[in-house]
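Now for the letters of each chain:
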Amino acid sequence: MGSNNNYLCQQLFITIMDKLRLEIKAMDELHPDLRDLMDTMNRLSLLPSDFEGKQKVSVWLTTLSGMQASDELSETQVRQLIFDLESSYNAFNKLLHHT
């Protein structure tokens, strides 16, 4: 099951970043994927509880949860979210290759 969750986690990182790059930035279009990413990361035993990706995704989930479904992230928020996801994705892949 672990390798399936690893794969799913990678796919969710990529899917969310692709959506943002395609200018999909409404709360109701991003929140479900971010929630799935967080749930998947929480199921992965190889990720420490203080893994930076968990912390960053949690902050973004809180931000999105405070928005209406039709609200959109600003350009600054989109840029920061992409940056946070890319750095978390890279850290995740490093962990995968060192285990």
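For the structure, check the block above.
Everything numeric here is computed off the predicted structure, so don't read it as measured data. (Residues numbered from 1 in each chain as written. Predicted model: local features only at pLDDT ≥ 70, side-chain atom pairs only at ≥ 80, totals over all residues. Heavy atoms only, no water.)

(A) Structural context of the packing of helix α3 (residues 52-65) against helix α4 (residues 75-97). Interhelical geometry of α3 versus α4 gives an angle of 155° and a closest axis separation of 9 Å. Classified by the angle their axes make, α3 and α4 are roughly antiparallel. The interaxial crossing formed by α3 with α4 has left-handed handedness. Here α3 contributes Glu52, Gly53, Lys56, Val57, Trp60 and Thr63 to the contact with α4, which in turn contributes Gln77, Gln80, Leu81, Asp84, Leu85, Ser87, Ser88 and Ala91. Residue classes in the contact of α3 with α4 are distributed as five nonpolar, six polar and three charged. (Axes fitted to C-alpha atoms, helices over the stretch in contact; angles between N-to-C directions. Helix = DSSP H or I, 4+ residues; strand = E, 2+ residues; numbered from the N terminus. Parallel < 35°, antiparallel > 145°, perpendicular 65-115°, else oblique. Left-handed = near helix turned anticlockwise from the far one by under 90°. Contact = heavy atoms within 4.5 Å. Nonpolar A, V, L, I, M, F, W, Y, C, P; charged D, E, K, R; others polar.)

(B) Expanded view of the environment of Glu75. Turning to its location among the elements, Glu75 is positioned in helix α4. As for Glu75 and Leu20, which are separated by 55 residues in sequence, their C-alpha atoms are 9.8 Å apart.

(C) Representation of the nonpolar core in the model. Formed by 29 residues in total, the largest nonpolar core has its most connected members in Phe13, Leu20, Leu37, Met41, Leu73 and Leu85. Of all the secondary structure elements, the ones that give two or more residues to this core are α1 (2-21), α2 (27-43), α3 and α4. Considering every element that reaches this core, the biggest residue donor is α4, with eight residues. Contacts of Leu85, omitting those with residues within four sequence positions, involve Phe13, Ile16, Met17, Leu20, Leu34, Leu37 and Val57. (Core = buried A, V, L, I, M, F, W, Y, C linked by side-chain atoms within 4.5 Å. Buried < 20%, exposed > 50% of the residue type's maximum accessible area, 1.4 Å probe, protein only.)

(D) Spatial organisation of the packing of aromatic side chains. Taken as a whole, this structure holds two aromatic pairs when the rule is applied. By way of ring pairs, the aromatic residues Phe13, Tyr89 and Phe92 are connected into one cluster. (Phe/Tyr/Trp six-rings, centres within 6.5 Å; stacked < 30°, edge-to-face > 60°.)

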